[in-house]
Amino acid sequence: DTAVSQTPKYLVTQMGNDKSIKCEQNLGHDTMYWYKQDSKKFLKIMFSYNNKELIINETVPNRFSPKSPDKAHLNLHINSLELGDSAVYFCASSSSGAESYNEQFFGPGTRLTVL
Amino acid sequence: AQSVTQLDSQVPVFEEAPVELRCNYSSSVSVYLFWYVQYPNQGLQLLLKYLSGSTLVKGINGFEAEFNKSQTSFHLRKPSVHISDTAEYFCAVSGVGNTDKLIFGTGTRLQVFP
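To start, this report covers the structure provided alongside it. Bear in mind the structure is a predicted one, so any value in this text is a computation, not a measurement.

**Things to note about the overall build of chain B**
Right, so step 1: Regarding its fold elements, chain B presents zero helices and 12 strands.
Right, so step 2: In sequence order, chain B lays out its α and β elements as β-β-β-β-β-β-β-β-β-β-β-β.
Right, so step 3: The C-alpha radius of gyration computed for chain B amounts to 14 Å, which stays within 12% of the reference 13 Å derived for 114 residues, consistent with globular compactness.
Right, so step 4: In terms of overall dimensions, chain B has C-alpha extents of about 40 × 30 × 20 Å along its principal axes.
Right, so step 5: Scored against the burial criterion, the 114 residues of chain B give a buried share of 46%.
Right, so step 6: Pairs at least 24 residues apart make up 57% of the contacts formed inside chain B by residues separated by at least 6 positions.
Right, so step 7: Per element, the accessible surface of chain B, about 5300 Å² overall, is 50% carbon and sulfur.
Right, so step 8: Where the 8 positive side-chain charges of chain B centre and where its 9 negative ones centre are 7 Å apart.

Next comes the structure, spelled out in structure tokens:
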């Protein structure tokens, strides 16, 4: 059973297009995250949602808009895609309970290529 | 705020040799420490974590790490590596608190040669 899943796994698109990446977790967690991994493998957090509320919003262009319809889903919509958006995007989830220690579980990633 | 430094971007090693991947952190508060592994074209998988207590932490696949508070280090070790250990390894730190974010190091590429 997949704990954290993302769709699609690969996404190739033209500059200027709008695209979405979906994430779902079946771990019963209440906190979800989006990370961006660049070509040098550097991982940087973009957003974090706890119980559908935005709690972390790093310096990310407002072309990126996360949406959390419920605790199990966190989608990422990107408007007006640019070449520099090409990266691997990872979704993760964790529990905010006292026993969680912020251990995060990651999805398999979505490789976005902007042409 | 916390930060993590992984000094070695690449570590080449022969199969069955021991390996150590270095990680140093900086924080003004108590921390949790993690090592994650990323195999080619896959997501991140937790290897081990330090929360409190014993400073020697054992993880999956024969890896272990030692928390050293005085040196603010959390180095990852394995006494004998396999070809299948070839991957990217990330050290991460989180301040003690329920919703603190994970701060990742820049990663170390472990390349195991036959």
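Still more ground to cover, so stick around.
**As for the sheet that holds strand β7 (residues 64–70) of chain A**
Residue and element names in this part refer to chain A.
Right, so step 1: The antiparallel open sheet is built from four strands, whose spatial order is β1-β3-β8-β7. In the strand order of this sheet, the two ends are held by β1 (4–7) and β7, each with one partner. Neighbouring strand axes in the sheet, compared pairwise and without regard to direction, differ in orientation by 20 degrees on average.
Right, so step 2: In terms of strand pairing, β1 meets strand β3 (residues 19–25) through four bridges, oriented antiparallel. Bridge pairing in β3 places Gln6 opposite Cys23.

**As for the interface of chain B and chain A**
Where interface size is given, it is often the accessible area lost as the parts come together that is meant.
Right, so step 1: The partner chain A presents 23 residues to the 22 residues of chain B that form the contact.
Right, so step 2: With both chains or domains summed, chain B and chain A bury close to 1900 Å², and 56% of this area falls on carbon and sulfur atoms.
Right, so step 3: Across the chain B-chain A interface, the total number found is one salt bridge.
Right, so step 4: Among the ionic pairs, Lys49 of chain B bridges to Glu103 of chain A, the shortest N-O distance being 2.4 Å.

**Description of the state of the cysteines**
Right, so step 1: If you walk through the whole model with that rule in mind, you get two disulfides over all chains.
Right, so step 2: Linked covalently through their sulfurs, Cys23 of chain A and Cys91 of chain A form a disulfide whose S-S length is 1.8 Å. In this structure, the disulfide formed by Cys23 of chain A and Cys91 of chain A twists by about -75 degrees around the S-S bond and is classed as left-handed. Of this pair, Cys23 of chain A sits in strand β3 while Cys91 of chain A sits in strand β9 (residues 87–94), and the two are 68 residues apart along the sequence. Each member of the pair, Cys23 of chain A as well as Cys91 of chain A, carries the same accessibility label: buried.
Right, so step 3: Put simply, Cys23 of chain B and Cys91 of chain B are joined by a disulfide, and their sulfur atoms are 2.0 Å apart. Negative torsions about the S-S bond denote left-handed disulfides, and the value of about -65 degrees found for Cys23 of chain B with Cys91 of chain B makes this one left-handed. In this pair, Cys23 of chain B sits in the loop between β3 (19–21) and β4 (24–26) while Cys91 of chain B sits in strand β10 (residues 87–95), placing the two residues 68 residues apart along the sequence.

**Observations concerning the nonpolar core**
A general feature of soluble globular proteins is that nonpolar side chains tend to end up buried together.
Right, so step 1: Among the nonpolar cores identified, the biggest contains 28 residues, and Leu33, Trp35, Leu47, Leu48, Phe74, Leu76 and Tyr89 of chain B are the most heavily contacted of them.
Right, so step 2: Of all the elements in the fold, those that place two or more residues in this core are β2 (10–14), β3, β5 (31–38), β6 (44–50), β8 (64–68), β9 (73–78), β10 and β12 (108–113) of chain B.
Right, so step 3: One finds Met32, Ile78, Leu112 and Val114 of chain A within the second-largest nonpolar core, a separate group that totals 20 residues.

**Notes on the side chain of Gln6 of chain A**
Residue and element names in this part refer to chain A.
Right, so step 1: Within the element layout of this structure, Gln6 appears in strand β1.
Right, so step 2: Separated by 2.9 Å, the side chain of Gln6 and the backbone oxygen of Tyr89 make a polar contact.
Right, so step 3: Within the structure, the side chain of Gln6 is placed 3.0 Å from the backbone nitrogen of Cys91, a separation counted as a polar contact.
Right, so step 4: Apart from residues lying up to four places away in sequence, Gln6 is in contact with Ile21, Lys22, Cys23, Trp34, Tyr89, Phe90, Cys91, Gly107, Pro108, Gly109 and Thr110.

**Overview of the packing of aromatic side chains**
Residue and element names in this part refer to chain B.
Right, so step 1: A complete count under the given rule lists 14 aromatic pairs over all chains for this structure.
Right, so step 2: Between Tyr25 and Phe67, the aromatic rings sit 6.2 Å apart at their centres with planes inclined by 25 degrees, giving stacked as the arrangement. Here Tyr25, found in strand β4, pairs with Phe67, found in strand β8; they are 42 residues apart in sequence, far enough to count as distant.
Right, so step 3: On the basis of relative accessible area, Phe67 is assigned to the buried category, the value being 11%.

Each value, and the rule that gives it
Residues numbered from 1 in each chain as written. Chains lettered and ligands numbered in written order. Predicted model: local features only at pLDDT ≥ 70, side-chain atom pairs only at ≥ 80, totals over all residues. Heavy atoms only, no water. Helix = DSSP H or I, 4+ residues; strand = E, 2+ residues; numbered from the N terminus. Rg over C-alpha atoms; globule rule 2.2 N^0.38 Å. Buried < 20%, exposed > 50% of the residue type's maximum accessible area, 1.4 Å probe, protein only. Contact = heavy atoms within 4.5 Å. Areas by Shrake-Rupley, 256 points an atom, 1.4 Å probe, with all protein chains shown as cover. Lys, Arg positive; Asp, Glu negative; His and termini not counted. Charge placed at Lys NZ, Arg CZ, Asp CG, Glu CD. Pairing = 2+ DSSP bridges. Axes fitted to C-alpha atoms, helices over the stretch in contact; angles between N-to-C directions. Buried area = accessible area lost by both parts, 1.4 Å probe. Salt bridge = Lys/Arg side-chain N within 4 Å of Asp/Glu carboxyl O. Disulfide = S-S within 2.5 Å. Core = buried A, V, L, I, M, F, W, Y, C linked by side-chain atoms within 4.5 Å. Polar contact = N/O pair within 3.5 Å; in protein donor to acceptor, adjacent residues only side chain to side chain. Phe/Tyr/Trp six-rings, centres within 6.5 Å; stacked < 30°, edge-to-face > 60°.

Everything listed here is a matter of geometry and, on its own, says nothing about what the molecule does.
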